[in-house]
Amino acid sequence: MCDTMTVRELTLGHSPDPDDAFMFYALAEGKLDTGEFRFRHILQDIETLNRRAMKEELDITAVSIHAYAYIHNKYALLPCGASMGDGYGPMVVARERVFPSELSGKRIAVPGEWTTAFLGLRLCLGLFAYEVMPFDAILDAVARGECDAGLIIHEGQLTYDSKGLVKVLDLGQWWKTETGLPLPLGGNAIRRALGPECIDRVNRLLKDSIQYGLDHRREAVLHSMPYARDLDEDLADRFVGMYVNDYTLDYGETGRRAVVELLDRGFREGVIPERVRPEFVGDAGAVADNPQCSAIE
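I will try to describe carefully the structure that is included in this document. Everything quoted here is computed from the prediction, not taken from an experiment.

## Some points on the overall build of the protein chain
Then comes step 1: The number of helices and strands found in the protein chain is 13 helices and 11 strands.
Then comes step 2: Summarising its shape, the C-alpha atoms of the protein chain cover approximately 60 × 40 × 30 Å along the three principal directions.
Then comes step 3: In the protein chain, which comprises 297 residues, the proportion classed as buried is 56%.
Then comes step 4: Counting contacts in the protein chain only where the partners sit at least 6 residues apart, residues at least 24 apart contribute 76% of the total.
Then comes step 5: For the protein chain, the accessible surface area stands at approximately 12400 Å², while carbon and sulfur atoms represent 46% of it.

## As for the nonpolar core
Then comes step 1: One finds Phe 39, Ile 60, Leu 103, Ile 108, Leu 121 and Leu 206 to be the most contacted residues of the largest nonpolar core, which totals 87 residues.
Then comes step 2: If one sorts the elements of this core by residue count, helix H9 (residues 196-215) sits on top with seven residues.
Then comes step 3: When residues no more than four places from it in sequence are discounted, the contact partners of Ile 108 are Leu 103, Leu 121, Leu 125, Phe 128, Ala 129, Tyr 130, Glu 131, Ala 149, Gly 150 and Leu 151.
Then comes step 4: The next biggest cluster of nonpolar side chains, apart from the first, holds 12 residues, and it includes Val 93, Ile 138, Ala 141 and Tyr 160.

## What about the sheet that holds strand E7 (residues 107-110)?
Then comes step 1: Across the sheet, which stays open at both edges, the five strands sit in the order E8-E7-E9-E6-E10 with mixed pairing between neighbours. Only two strands of the sheet have a single partner each, and these edge strands are strand E8 (129-132) and strand E10 (166-170). Across the sheet, the mean angle from the axis of one strand to that of its neighbour is 30°, orientation sign disregarded.
Then comes step 2: The strands that helix H8 (residues 171-179) touches are strand E9 (149-152) and E10; relative to E10, the one it contacts most, it runs at about 30°.

## Description of the pairing of strand E6 (residues 91-94)
Then comes step 1: Alternating positions in E6 separate into two faces, Met 91 and Val 93 on one and Val 92 and Ala 94 on the other, with burial throughout.
Then comes step 2: Pairing geometry for E6 and E9, over four bridges, is antiparallel. What sits directly across from Val 92, in E9, is Leu 151.

## Remarks on helix H3 (residues 46-54)
Then comes step 1: Buried residues of H3: Ile 46, Glu 47, Leu 49, Asn 50 and Ala 53, and no others. The arc enclosing the buried residues of H3, seen along the axis, measures out at 160°, which places them on a common side.
Then comes step 2: Those residues of H3 that are buried lie in contact with strand E1 (8-14), strand E2 (37-43), strand E3 (60-64), helix H4 (65-68) and strand E4 (75-77).
Then comes step 3: At the N-terminal boundary of H3, the capping side chain belongs to Asp 45, with an oxygen 3.1 Å from the backbone nitrogen of Glu 47.
Then comes step 4: Once H3 finishes, Glu 56 follows within two positions and takes phi at roughly 55°, a positive value.

## Describing empty space enclosed by the protein
Then comes step 1: Tallied over the full model, the rule gives one cavity of 30 Å³ or more.
Then comes step 2: Secondary-structure elements contributing two or more residues to the lining of the largest cavity are helix H1 (18-23), E3, helix H5 (116-125), strand E11 (183-191) and helix H11 (233-243).
Then comes step 3: In terms of residue count, E11 provides more of the lining of the largest cavity than any other element does, four residues in total.
Then comes step 4: Residues of the lining of the largest cavity, tallied by class, amount to 10 nonpolar, 11 polar and three charged.

## Brief notes about the side chain of Arg 265
Then comes step 1: One can find Arg 265 in helix H13 (residues 252-268).
Then comes step 2: Within the structure, the side chain of Arg 265 is placed 2.6 Å from the side chain of Glu 261, a separation counted as a polar contact.
Then comes step 3: Excluding anything up to four places from it in sequence, Arg 265 contacts Leu 123, Trp 175, Glu 178 and Thr 179.

## Quick word on helix H10 (residues 217-224)
Quick reminder: α-helices carry 3.6 residues per turn. Residues three or four places apart thus point the same way.
Then comes step 1: Looking at H10, one finds that the buried residues are Ala 220, Val 221, His 223 and Ser 224. The buried residues of H10 occupy an angular sector of 155° when projected down its axis, which confines them to one face.
Then comes step 2: Its buried side turned inward, H10 meets H1, helix H2 (25-28), H9 and H11.

## Describing the side chain of Asp 170
Then comes step 1: Counting through the fold element by element, Asp 170 comes out in strand E10.
Then comes step 2: The side chain of Asp 170 sits in the buried core without any salt bridge; Lys 167 is the nearest counter-charge, 4.4 Å away.
Then comes step 3: Of the polar contacts made by the side chain of Asp 170, one reaches the backbone nitrogen of Gln 173; its length is 3.1 Å.
Then comes step 4: Beyond its immediate stretch of four places on either side in the chain, Asp 170 contacts Gly 87, Tyr 88, Gly 89, Pro 90 and Met 91.

Calculation notes
- Starting from 1, residues in each chain are numbered consecutively following that chain's sequence as written.
- This being a predicted model, a pLDDT of at least 70 is required before a residue's local features are given, and a value of 80 or more before pairs of side-chain atoms are given or counted; all residues contribute to the totals for chains, interfaces and linings.
- The basis for every side-chain value is the complete set of non-hydrogen atoms in the structure, without hydrogens or water.
- Numbering goes from the N terminus for both helices and strands, where a helix is a DSSP run of H or I of at least four residues and a strand is a run of E of at least two.
- The buried label goes to any residue with under 20% of its type's maximum accessible area, the exposed label to any with over 50%, and the partly exposed label to all in between, with areas taken from a 1.4 Å probe on protein chains only.
- Contacts: residue pairs with any heavy atoms within 4.5 Å of one another.
- Every accessible area reported is derived by Shrake-Rupley at a probe size of 1.4 Å, with residue values counting cover from the shown protein chains alone.
- Grouping buried Ala, Val, Leu, Ile, Met, Phe, Trp, Tyr and Cys residues that are joined through side-chain atoms within 4.5 Å yields what is termed a nonpolar core.
- Pairing between strands requires that DSSP locate at least two bridges from one strand to the other.
- For helices, the fitted line uses only the C-alpha atoms of the stretch in contact; every axis is such a line through C-alpha atoms, and the angle between N-to-C directions lies from 0 to 180 degrees.
- Our arc is simply the arc of the directions from the helix axis toward the C-beta atoms.
- We call two N or O atoms a polar contact when they sit within 3.5 Å, provided that within protein one can donate a hydrogen and the other can accept it, with sequence-adjacent residues counted only if both atoms are side-chain atoms.
- Cavities and pockets were defined on a 1 Å grid built over protein atoms only: a cavity is a set of grid points that admits a 1.4 Å probe from which the probe cannot escape, a pocket is an open set flanked by protein on both sides within 12 Å along at least five of seven lines, and lining residues are those with an atom within 4 Å of any such point.
- Grid points are joined across faces, edges and corners, and a volume is the space filled by probe spheres set on the points.
- When residue character is reported, Ala, Val, Leu, Ile, Met, Phe, Trp, Tyr, Cys and Pro are called nonpolar, Asp, Glu, Lys and Arg charged, and the others, Gly included, polar.
- His is not counted, nor are the chain ends, whereas Lys and Arg count as positive and Asp and Glu as negative.
- Note on definitions: salt bridges are taken to be side-chain nitrogens of Lys or Arg within 4 Å of carboxyl oxygens of Asp or Glu.

As structure tokens, this is what we get:
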């Protein structure tokens, strides 16, 4: 069991972007009583967090749902913290308008092979030529002509036109048409080895942090502004509203079905090597009774 007399430091990885900053505002600024837990916030781009999770380097971390397929034996998904694109999501942009059917013949800059954006584009286009680069370098690379098109995530979905680029494809819109479901882009994962009691208490704290942000929206948005590249406060608030919503508090039945459908399609299309059934904290049997909370005296 978790000894409540011991201070415990847990690593918490998330992306340096407005929606994650908004979600974890209350934890980062000491707005909640976290009891014996102390969270060490580690801000890195999502592909780096995906790779670190594959090495089980972080206790709790934001991960792409695509990457979860490769870490599910070591991590469970928390029911809170989802980023869902309900009819919108990662986009492919280019300097000139082309038909989506023409993209398979283009070289596309992508933010990482383990991102859900990459999985979604593979499901949509099949095989295509690509180059991996940091997510925040893609817009400029496309504008300079270094790639034919770019797969953009985060706030680039709201700012691409400022670079003179045009939208070719919205993967969230495509997925909604295909399945009738939101596109599950990312979630929070937690190490199974922490054990059920620790995991349950951390889950409650993270959900409380998200709720606090929603209840104190403007101050949470202002907290997120240092991570809102090229966004003013109104655009930052709009971006946060896209990805911090009811699905973020809990995937719900629809969100869970969306995760299952995405991972199943990834397997059927040969992008994901094995069929993965996602397990959410709180589901029966999702976390074995093997508490190993690392303690700091």
